[in-house]
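Spelled out from the first residue to the last, the chains are:
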Protein chains: 4
Amino acid sequence: MSSSTLVALLHGPDQPGIVARVAAWIFERGGNILHADQHRDMEAGVFFQRIEWVPAQGASSTDTAGFLAFADSLGMQARVTASAHRPRMAIFVSKFDHCFHDLALRWKSGEYACDLVAVVSNHTDLETAARGYGLPYHVIPVTAATKPAGEARQLALLRDLDVELVVLARYMQVLSDTFFKKFARPVINIHHSFLPAFAGGKPYHQAAERGVKLIGATAHYATAVLDDGPIIQQDVTRVTHRHGVEDLVRKGRDLEKMVLAQAVRWHLESRVLVYGNKTVVFD
Amino acid sequence: MSSSTLVALLHGPDQPGIVARVAAWIFERGGNILHADQHRDMEAGVFFQRIEWVPAQGASSTDTAGFLAFADSLGMQARVTASAHRPRMAIFVSKFDHCFHDLALRWKSGEYACDLVAVVSNHTDLETAARGYGLPYHVIPVTAATKPAGEARQLALLRDLDVELVVLARYMQVLSDTFFKKFARPVINIHHSFLPAFAGGKPYHQAAERGVKLIGATAHYATAVLDDGPIIQQDVTRVTHRHGVEDLVRKGRDLEKMVLAQAVRWHLESRVLVYGNKTVVFD
Amino acid sequence: MSSSTLVALLHGPDQPGIVARVAAWIFERGGNILHADQHRDMEAGVFFQRIEWVPAQGASSTDTAGFLAFADSLGMQARVTASAHRPRMAIFVSKFDHCFHDLALRWKSGEYACDLVAVVSNHTDLETAARGYGLPYHVIPVTAATKPAGEARQLALLRDLDVELVVLARYMQVLSDTFFKKFARPVINIHHSFLPAFAGGKPYHQAAERGVKLIGATAHYATAVLDDGPIIQQDVTRVTHRHGVEDLVRKGRDLEKMVLAQAVRWHLESRVLVYGNKTVVFD
Amino acid sequence: MSSSTLVALLHGPDQPGIVARVAAWIFERGGNILHADQHRDMEAGVFFQRIEWVPAQGASSTDTAGFLAFADSLGMQARVTASAHRPRMAIFVSKFDHCFHDLALRWKSGEYACDLVAVVSNHTDLETAARGYGLPYHVIPVTAATKPAGEARQLALLRDLDVELVVLARYMQVLSDTFFKKFARPVINIHHSFLPAFAGGKPYHQAAERGVKLIGATAHYATAVLDDGPIIQQDVTRVTHRHGVEDLVRKGRDLEKMVLAQAVRWHLESRVLVYGNKTVVFD
């Protein structure tokens, strides 16, 4: 049953009766609502909803198109995903392997309902590991001089593979504005600090320098503005004066893995609605 | 506006279309749904919902009665509360004052939408503190020999004051089966352990003895079975070998305050639905 | 016994044999070491220690002076406190009362080994509450125009009362460089964010705007640089899109209370050693 | 330098001057104390210490033997480890692979200063994974009938390989009293609950049944008494009514990995001192 549900994420101007009207639309077409979770931003007057239903037999594509038109008629923006659809995901890595192994193992164990179609790297370091998981590994070197050409190759690859989600698993190159515009699909990044504290380079060094008592990690949708973009998940762990930068790096690895894994999971389950520079996570 | 909403908590056998039918019932009577949160226990086939709406002007009591009949027609159990209604709460205390001060200060600051109508104690210790908050303080001594008489006085007082919620804020007497049967309204207790670990007496001593690395606190609806009853909220804090029993007691006080305060808040906001010996908390 | 211990906090250039030499110094004078905790900042080559001992009978003041000379001979900076000494503390407040009540209740319950000698405020709002705890309340209004005069009055009061620690319990005025220079004793502040994120005004609004998934609070020694100064303690709590600014404020109150209470406790127990713009907390 | 330190864990009856005497013993032999951490159980009158020092050049083995004799003369029990020594570790697994992958990856990345000399299993499921890490995999089937023979084979293997630490990474067989007696070296187990709550089988089912709001994991030294034995580390994560048993299992996997990884790390760094049925963790 769960393989044939539809999930809609919608938002738009709040209006009386909207919960009932959405429910009625589905009910009248023979659908059965499994989950419905809504949120009102009272100040902004915006309504947000995630709703999951089992469409009447064979009505999956009809419902998808119909719901989008219905939402449009309400002045709402909507996205509808069939749970049977497995998104095609690519992971970008450099030399750090902890997030990569973590994602790959979760994917292999069946935690993620997606197809992991490519590992892309500017280095060869993780090639053996990737092949060990049976994953295609693409080396696309990037230097200051070759960045435009490198990104063009990345984009061509993503297009060829019809990649729907890119996860930057401690990928150490900054992607250009052009990359984001051309890819035009979600990119999730993990930053090793509690953003907005310690954006930019060497966040663990910055944290040690400031003497904070907690270090953090932040998973967010990447945009052309470095370490900005809507935050999906964050977590922190306690550190003391006994922890040098090396310890922060080590402890941070576990944080990064957990936070990125959770963000990817929520994204794949259509639980994350982006609104302005923020997210509504229906967990 | 928020002073005139209705909140329904309902549960019963899951059935297709239920989300839409509930939404339609409200919509057709001119109500506007503000929040709706539902849960399905797939295994047990039970549907749970908390739904909050603004009824059409003047329809508050009509909607209340009507919704109960409607829920009944669906085979559902329901409870409807008007947000304008301020429940009447009594706090039972003995000698420990930390939870008492915490609840009283939250109430005074307006965090709790309830009327705090009585403080009941088997000791005189907190009388001055209670009067300082302007709260009526009732001393009802309880010994093994006088427990039936003491509970009778407590019950008479609760009846006279029409108390709808009793909070046991480290009240150190075990209430009898008779008390619960006769009061027949919710009683929230705070136990100073992560239940079901360390039920019964001296839980911090038990924790120190076992050498656990976290101590906890549990707020639950009290029943005639000691330290049993549906759990509403729990939390833990880290301890080390450096913490003796005295430190566990001190650290535990902060846990107890926070956990009990949260449970009372959720209860007062009609967010807690009891089902079997468990709770569904719509937070 | 615990009423007659000495606690030394010392730091300086690391050197071989230092742990043994400090221990030997105490042992040779008939002292018995109860606790000793040291830390080496390997990179900076700095040694830090907190050591607590029972001096030989009647040797408390001799040991204090002697230890300072001994530390000096090692090129170390030291501070020695007799546990029998109760520091004189003042609390500065404005209109928010949650941190004030929390500190006052902890003090009354005996959690803090200090004398709470004054509550200072630029408003009259908390006067009744302070007097309820039996605390002297001093109203010293401060406006942009009267700040120098107001601070002069504050300083005179602190001098008269020989105040050794000022706690800013959501005191809403920025203290001037002159104040810090003239007072020249520790001032602990609570900031309602996870510093260095959201320094400055309205941090909960900033947090809501940025869409973070955790909000925090930071207790630090205040300096003339706003929301800078060595961090003593920090903590965070999870928030979601469901929490508006009002909810962040409410949830933040509990964070602020806990974080400030812990920082004050550590300071009073001579557990906090300031080094550069950071702290070493021997907990 | 760190490759040539000695770490002593000692405990015994508390006595005046002990900190100074231990420090002096090391200092007089030309050693330099890097870290020293001690604890007093005031009630029991027991002194505990972890002390790490750089011995005089070439004095590593002399110091080891000498310190043991010195501790003995003080009536203390002691264990001394050279940091250059890499303990030989074996991991026992069954079919669950999450803890196994986590430990193996940490070991490969250099997080653990040990030699991982064997993976032992009662099933063949993880053989490919183990070989992928270059680890020898030993299948020793165990049934009710063959347990004595199976354990004899396990013990022979551990003896042949001189294994100094066994980690039960969700190994699903109960080891017998005989096994513990004959192996006579530390065995670390991970239990998927917050012990002592939910000891025994199916702890996640027990947790779901009781309706707890937090689930936990516990790493402890295994003894012949199931799910008893000194606790090394524990942690919890929040769950709600939305989490079915399957979700608890999934969320619990992350807990189990983190808690077990931390316990193994502390053990390998000689930070865990067992006393009675409890541990003192010098972290």
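Everything numeric in this text was worked out from a predicted model, so none of it was measured.

*Asks:* Go over the relation of the copies chain B and chain D with me, naming the residues and quoting the values.
*Replies:* Least-squares fitting of chain B to chain D yields an RMSD of 0.0 Å, with the superposition described by an axial translation of 0.0 Å and a rotation of 180°. Accordingly, the operation relating the two chain copies is best matched by a two-fold axis. Across chain B, the smallest distance between a C-alpha and the rotation axis is recorded for A197(B), namely 2.3 Å. Comparing contact sets, 100% of the residues at the interface of chain B also lie at the interface in chain D, consistent with an isologous, same-surface contact.

*Asks:* Talk me through the interface of chain B and chain D; I want residue IDs and the actual numbers.
*Replies:* Listed as interface residues are 33 residues of chain B and, on the opposing side, 33 residues of chain D. Buried area between chain B and chain D, summed over both chains or domains, comes out near 2,800 Å², and the portion from carbon and sulfur atoms is 52%. The largest contributions to the chain B side of the interface with chain D come from R210(B), K213(B) and H241(B), which together make up 25% of the buried area. For the pair chain B and chain D, the interface holds six salt bridges. For R238(D), the salt bridge goes to D235(B), with nearest N and O atoms at 3.4 Å. On the surface where chain B and chain D come into contact, there are 21 residue pairs in polar contact (both at pLDDT 80 or more). Mapped onto the side of chain B that touches chain D, the elements with two or more residues apiece are β2 (32-41), α7 (203-210), β11 (231-238) and β13 (278-281) of chain B. Ranked by residues supplied to the side of chain B that touches chain D, first place goes to β11(B) with seven residues. Counted by class, the side of chain B that touches chain D contains 14 nonpolar, nine polar and 10 charged residues.

*Asks:* Explain the sheet that holds strand β7 (residues 137-139) of chain B to me, using residue names and the numbers behind them.
*Replies:* Residues and elements named next belong to chain B. Reading across from one edge, β7-β6-β5-β8-β9-β10-β11 is the order of the seven strands in this open sheet, with mixed pairing throughout. Single-partner strands in this sheet number two, and they are β7 and β11. The average undirected angle you get between the axes of adjacent strands in this sheet is 20°. Here four bridges tie strand β5 (residues 88-93) to strand β8 (residues 165-168), and the two strands are oriented parallel to one another. What sits directly across from F92, in β8, is L168.

*Asks:* So what's going on with helix α1 (residues 18-28) of chain B? Residues and values would help.
*Replies:* Buried residues of α1(B): I18(B), V19(B), A20(B), V22(B), A23(B), W25(B) and I26(B), and no others. Once α1(B) ends, the next one or two residues include G30(B), with phi positive near 85°.

*Asks:* Describe the packing of aromatic side chains, naming the residues involved and giving the relevant values.
*Replies:* Residues and elements named next belong to chain A. Under the criterion given, the structure shown has 42 aromatic pairs over all chains. Taking the centre distance of 6.3 Å and the plane angle of 70° together, the rings of F92 and F179 count as edge-to-face. Placement of F92 in strand β5 (residues 88-93) and of F179 in helix α6 (residues 177-183) is noted, with a sequence separation of 87 residues between them. Residue classification places F92 among the buried residues on the basis of a relative accessible area of 0%.

*Asks:* Just give me the short version of the domain arrangement of chain A, but keep the residues and values in it.
*Replies:* All names here are of chain A. The assigned domain composition of chain A is domain 1 (6-82) and domain 2 (88-281). Taken together, the 12 residues of domain 1 in the interface contact eight residues of domain 2. Taken together, the two surfaces of domain 1 and domain 2 that pack against each other cover about 830 Å², and 61% of this comes from carbon and sulfur. When the buried area of domain 1 at its contact with domain 2 is split by residue, L9, F48 and R50 rank highest and sum to 52% of it. Along the contact surface separating domain 1 from domain 2 lie zero salt bridges. In this structure, the connection of domain 1 to domain 2 is made through three residue pairs in polar contact (both at pLDDT 80 or more). Among the elements of the structure, β1 (6-13), β3 (46-54) and β4 (77-82) are those that each provide at least two residues to the side of domain 1 that touches domain 2. Grouping the constituent residues of the side of domain 1 that touches domain 2 by class yields six nonpolar, four polar and two charged.

*Asks:* For the pairing of strand β1 (residues 6-13) of chain C, give the residues involved together with the corresponding values.
*Replies:* Each regular strand carries side chains that alternate between the two faces of the sheet. Residues and elements named next belong to chain C. Burial of β1 is extensive: seven of the eight residues sit out of reach of the surface. Where β1 lies against strand β3 (residues 46-54), eight bridges are found, and the strand directions are antiparallel. Bridging across to β3, P13 finds its partner in V46.

Calculation criteria
- Residues numbered from 1 in each chain as written.
- Chains lettered and ligands numbered in written order.
- Predicted model: local features only at pLDDT ≥ 70, side-chain atom pairs only at ≥ 80, totals over all residues.
- Heavy atoms only, no water.
- Least-squares fit on C-alpha atoms with pLDDT ≥ 70 in both.
- Contact = heavy atoms within 4.5 Å.
- Buried area = accessible area lost by both parts, 1.4 Å probe.
- Salt bridge = Lys/Arg side-chain N within 4 Å of Asp/Glu carboxyl O.
- Polar contact = N/O pair within 3.5 Å; in protein donor to acceptor, adjacent residues only side chain to side chain.
- Helix = DSSP H or I, 4+ residues; strand = E, 2+ residues; numbered from the N terminus.
- Nonpolar A, V, L, I, M, F, W, Y, C, P; charged D, E, K, R; others polar.
- Pairing = 2+ DSSP bridges.
- Axes fitted to C-alpha atoms, helices over the stretch in contact; angles between N-to-C directions.
- Buried < 20%, exposed > 50% of the residue type's maximum accessible area, 1.4 Å probe, protein only.
- Phe/Tyr/Trp six-rings, centres within 6.5 Å; stacked < 30°, edge-to-face > 60°.
- Domains from an automatic or database assignment.

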